Amino acid sequence: MRVYNTLSKKKEDFVPIKEGEVNMYVCGPTVYNLIHIGNARPMIVFDTARRYMEHKGYKVNYVSNFTDVDDKIIKKANEEGVDPSVISERYIAECRKDMEGLNVKTATVHPKATEEIDGMIEMIRTLIDKGHAYVAKDGTVYFKTRSFKDYGKLSHKNLDDLRSGARSLLVSGEDQKEDPLDFVLWKPKKEGEPYWESPWCEGRPGWHIECSVMSRKYLGEEIDIHAGGEDLIFPHHENEIAQSEAANGKQFAKYWLHNAFLNIDNKKMSKSAGNFFTVRDISEKYDLQVLRFFMLSAHYRSPLNFSADLMEAAKNGLERITSCVGNLNFMLDKAADRELTDEERETLKQAEAYIAKFDEAMDDDFNTADAISAIFELVKFVNTHADEQSCKALLQALKEEIVMLSDICGLIVEKKEEILDADIEALIRERQEARKAKNFARADEIRDTLAAQGIILEDTREGVKWKRA
Ligand code: AMP
Ligand code: ZN
């Protein structure tokens, strides 16, 4: 597998630090509102990368944070007259709902910044002790950027160019900095803001320190992959590297992956310009699987344009796959249960070529655009090579192949028909009759049929009770 590393600006062979295991950190959203479709892009593309690596047999430890202390959260809390945690908890819950709709797997850990303050204080203390940070008069702690000689290695910026740019960026309150390039690790509380005790002042952490701390706590000092949107390369990820490597004395992350931006109708997404959609907005018009499919139809490093036409095209594309699987299921119901013919064996062999094509695309820096093309080619192949005369084993194997590749992309292409309550009860009655007639084979068969649909039976003194698993 090869991945494009922002650090080297090259595609590199992927070799994890520990064989068979991948430790991966993806910067998560700031939770002050419903997530927008731009936020959904890193969630979907890196979830797909995770699924692919799991498919290849890696154990993936995936950590993604929720930034739950931030100016925007505090502002919203003050507007609503509630505690900031009310706002962040509300939008964490909403974000989890959207992730579920998008079929984004839950991370191994989803840490929250406010629950990791002790770790942040500890890392800041280490940075001060090692001479990489200093405390200003009002208790603000700054990272001494020039003390970290590799600063700029991720964004490929030169410290002196940065310095000339930073001069004009000086804002009020920042005049205590020894150098305009220094950035905040800890800042004093302001009226009406949440705060924590610290050795320097009552206050709260800067944004960058949270990811350095959470990544180390849950994944260790050296991790394989750190990812996020390309806007995070500078300053967020550059600052994370400075903090982590200065504190730990080790390389922070081996591979840095960044997704390009999602635009709307070829313009930057912006609330004020009126071209802004939350994931929830989209869910009112489309199944969120369509949004996921749309996001994966481009390579994650290519800018992606969102438009009504492109979403319609995505809907049709996804339907080509789901209807192929639907047809296979329809044929499977009636298909003959016999051995494969030589010709069918040959068909199966040919179909495997599409798996190889899919893997080749994904091995090339998670090229989901080409991987989805491989699924389409497989669908076309299946549509021409499977019919009512095909045997069960062939239809089943072809279906499993399409479902497996789609599943790696996190696409649900097989609609499970919900069994109705009335049908369940009719089957339970039939089972009781069968038992009375001592036809235990039939009774067990019914129990198995129901179990396959996720229905659990319980024999009680009052009769048979059932529940959905
Ligand atoms: P934020 O809540 O702004 O920190 O963003 C959370 C994640 O969404 C980060 O990885 C951002 O880089 C990413 N992101 C924000 N806007 C977009 C966009 N328009 N396109 C792609 N990714 C985005
Ligand atoms: Zn981060």
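Keep in mind it's a predicted model, so treat the numbers as computed, not measured.

Undergrad: Help me understand the pairing of strand S4 (residues 59–64), please; the structure alone is not making it clear to me.
TA: Along a regular strand, successive side chains alternate from one face of the sheet to the other. Among the 6 residues in S4, 5 count as buried, and that is most of the element. The sheet contact formed by strand S3 (residues 21–26) and S4 spans 6 bridges and is parallel. When the bridges of S4 are listed, Glu 21 appears paired with Lys 59.

Undergrad: Help me understand the packing of aromatic side chains in this model?
TA: Centre-to-centre distance and the angle between the planes together describe a pair of aromatic rings. Applying the stated rule across the entire model yields 11 aromatic pairs. Between Phe 143 and Phe 183, the ring centres sit 5.0 Å apart and the planes meet at 20°, which makes this aromatic pair stacked. Of this pair, Phe 143 sits in strand S6 (residues 141–143) while Phe 183 sits in strand S7 (residues 183–188), placing them 40 residues apart in sequence. Like Phe 143, the residue Phe 183 is buried in the burial classification. Within the aromatic cluster, the residues linked to one another by ring pairs are Phe 14, Tyr 58 and Tyr 255.

Undergrad: What is the right way to look at the coordination of the zinc ion (ligand 2) in this model?
TA: Tetrahedral coordination by four donors sets the ideal angle at the metal to 109.5 degrees; octahedral coordination by six donors sets it to 90 or 180 degrees. Around the zinc ion (ligand 2), the protein supplies Cys 27 (SG), Cys 211 (SG), His 236 (NE2) and Glu 240 (OE) as donor atoms, at distances of 2.0 to 2.6 Å. Donor residues for the zinc ion (ligand 2) sit on one chain with the sequence pattern C-x183-C-x24-H-x3-E. Highlighted residues: His 236 and Glu 240, both in helix H7 (residues 233–248), separated by 4 residues, approximately one helical turn. On the basis of relative accessible area, Glu 240 is assigned to the buried category, the value being 0%.

Undergrad: Could you clarify how one ought to interpret the domain arrangement of the chain in this entry?
TA: Interfaces are often sized by the amount of accessible area the parts lose when they come together. For the chain, the domain assignment lists domain 1 (2–259), domain 2 (283–408) and domain 3 (422–468). The centre of domain 1, based on its C-alpha atoms, is set 37 Å off from the matching centre of domain 2. Each partner contributes to the interface: domain 1 provides 26 residues, whereas domain 2 provides 25 residues. Interface area for domain 1 against domain 2, summed over the two sides, is near 2,300 Å², with a carbon-plus-sulfur share of 61%. It is Ile 37, Arg 41 and Tyr 52 in domain 1 that bury the most area against domain 2; as a group they hold 28% of the surface buried on that side.

Undergrad: Looking at this structure, I do not really get the site of ligand 1. What am I missing?
TA: Taken together, 17 residues lie near ligand 1, and Thr 30, Gly 38, Gly 229, Asp 231 and Leu 262 sit nearest. Within the backbone of Gly 38, one N or O atom sits 3.1 Å away from a nitrogen atom of ligand 1. Note that an oxygen atom of ligand 1 is positioned 3.0 Å from one of the backbone N or O atoms of Gly 229. Protein burial of ligand 1: of its 490 Å² of free accessible surface, 87% is covered by the chains. Elements with a minimum of two residues in the shell around ligand 1: helix H1 (37–55) and strand S9 (223–229). Here the element with the most residues in the shell around ligand 1 is H1; it accounts for 3 residues.

Undergrad: Sorry if this is basic, but what is going on with the sheet that holds strand S10 (residues 253–259) here?
TA: As a general point, the strands of a sheet are linked pairwise by backbone hydrogen bonds and lie either parallel or antiparallel. Taken together, the 4 strands give an open sheet; going across it, the order is S4-S3-S9-S10, and neighbouring strands pair in parallel fashion. Each end of this open sheet is capped by a strand with a single partner; those strands are S4 and S10. Across the sheet, the axes of successive neighbouring strands diverge by a mean angle of 20°, strand direction being ignored. Sitting on the sheet, H1 is in contact with S3, S4, S9 and S10, with an inclination near 165° to S4. Seen against the sheet, helix H6 (residues 207–219) touches S3, S4 and S9 and runs at an angle of roughly 155° to S3.

Undergrad: Could you clarify how one ought to interpret the pattern of salt bridges in this entry?
TA: Opposite charge on two side chains makes pairing possible when the charged atoms of those side chains draw close. Going through the model one piece at a time under the given rule, you end up with 37 salt bridges. As a salt-bridge pair, Asp 363 and Lys 56 come within 2.8 Å of each other at their nearest N and O atoms. Note that Asp 363 is positioned in helix H11 (residues 342–363) and Lys 56 in the loop between H1 and S4, a separation of 307 residues in sequence. A relative accessible area of 22% places Asp 363 in the partly exposed class. When its relative accessible area of 38% is taken as the criterion, Lys 56 is described as partly exposed. A salt bridge links Asp 71 to Arg 204; its shortest N-O distance comes to 2.6 Å. One end of the pair, Asp 71, is in helix H2 (residues 71–80); the other, Arg 204, is in strand S8 (residues 203–205), and 133 residues separate them in sequence.

Undergrad: Just to check I follow, could you spell out the packing of helix H14 (residues 421–436) against helix H15 (residues 440–452) for this structure?
TA: Each pair of packed helices can be summarised by the angle the axes make with each other and by the distance between the axes. Contact geometry of H14 with H15 gives a least axis separation of 8 Å together with a crossing angle of 160°. In terms of orientation, H14 lies roughly antiparallel with respect to H15. When the axes of H14 and H15 are compared, the crossing they make is left-handed. Counting all contacts with H14, which are made through Ile 424, Leu 427, Ile 428, Glu 430, Arg 431, Ala 434 and Arg 435, the residues of H15 involved are Phe 440, Arg 442, Ala 443, Ile 446, Arg 447 and Leu 450. In terms of residue class, the contact of H14 with H15 is made up of 8 nonpolar, no polar and 5 charged.

Undergrad: How do you make sense of the packing of helix H10 (residues 308–334) against helix H13 (residues 392–408) when you look at a structure like this?
TA: Viewed as axis vectors pointing N to C, H10 and H13 meet at an angle of 155°, and their least axial separation amounts to 10 Å. Considering the angle they form, H10 stands roughly antiparallel to H13. When you trace H10 past H13, the crossing you get is left-handed. When H10 is examined against H13, the residues Ile 321, Cys 324, Val 325, Leu 328, Asn 329, Met 331 and Leu 332 are found in contact with a partner set consisting of Lys 392, Leu 395, Gln 396, Leu 398, Lys 399, Ile 402, Val 403 and Ser 406. Class assignment for the residues of the contact of H10 with H13 results in 10 nonpolar, 3 polar and 2 charged.

Undergrad: Help me out: how do you make sense of the state of the cysteines in this one?
TA: Each disulfide is one covalent bond, formed between the sulfur atoms of two cysteines. Counted by the stated rule, this structure contains 0 disulfides. The thiol of Cys 324 is unpaired, and the distance to the nearest cysteine sulfur, on Cys 409, comes to 15 Å. For Cys 324, a relative accessible area of 1% corresponds to the buried category. Take Cys 391: it sits in no disulfide, and the sulfur closest to it among the cysteines is that of Cys 324, at 16 Å. By relative accessible area, which is 0% here, Cys 391 ends up buried.

The rules we used
- Residues numbered from 1 in each chain as written.
- Chains lettered and ligands numbered in written order.
- Predicted model: local features only at pLDDT ≥ 70, side-chain atom pairs only at ≥ 80, totals over all residues.
- Heavy atoms only, no water.
- Buried < 20%, exposed > 50% of the residue type's maximum accessible area, 1.4 Å probe, protein only.
- Helix = DSSP H or I, 4+ residues; strand = E, 2+ residues; numbered from the N terminus.
- Pairing = 2+ DSSP bridges.
- Phe/Tyr/Trp six-rings, centres within 6.5 Å; stacked < 30°, edge-to-face > 60°.
- Donors = N, O, S within 2.8 Å, 3.2 Å for Na, K, Ca; no water.
- Domains from an automatic or database assignment.
- Contact = heavy atoms within 4.5 Å.
- Buried area = accessible area lost by both parts, 1.4 Å probe.
- Near = heavy atom within 4 Å.
- Polar contact = N/O pair within 3.5 Å; in protein donor to acceptor, adjacent residues only side chain to side chain.
- Areas by Shrake-Rupley, 256 points an atom, 1.4 Å probe, with all protein chains shown as cover.
- Axes fitted to C-alpha atoms, helices over the stretch in contact; angles between N-to-C directions.
- Salt bridge = Lys/Arg side-chain N within 4 Å of Asp/Glu carboxyl O.
- Parallel < 35°, antiparallel > 145°, perpendicular 65-115°, else oblique.
- Left-handed = near helix turned anticlockwise from the far one by under 90°.
- Nonpolar A, V, L, I, M, F, W, Y, C, P; charged D, E, K, R; others polar.
- Disulfide = S-S within 2.5 Å.

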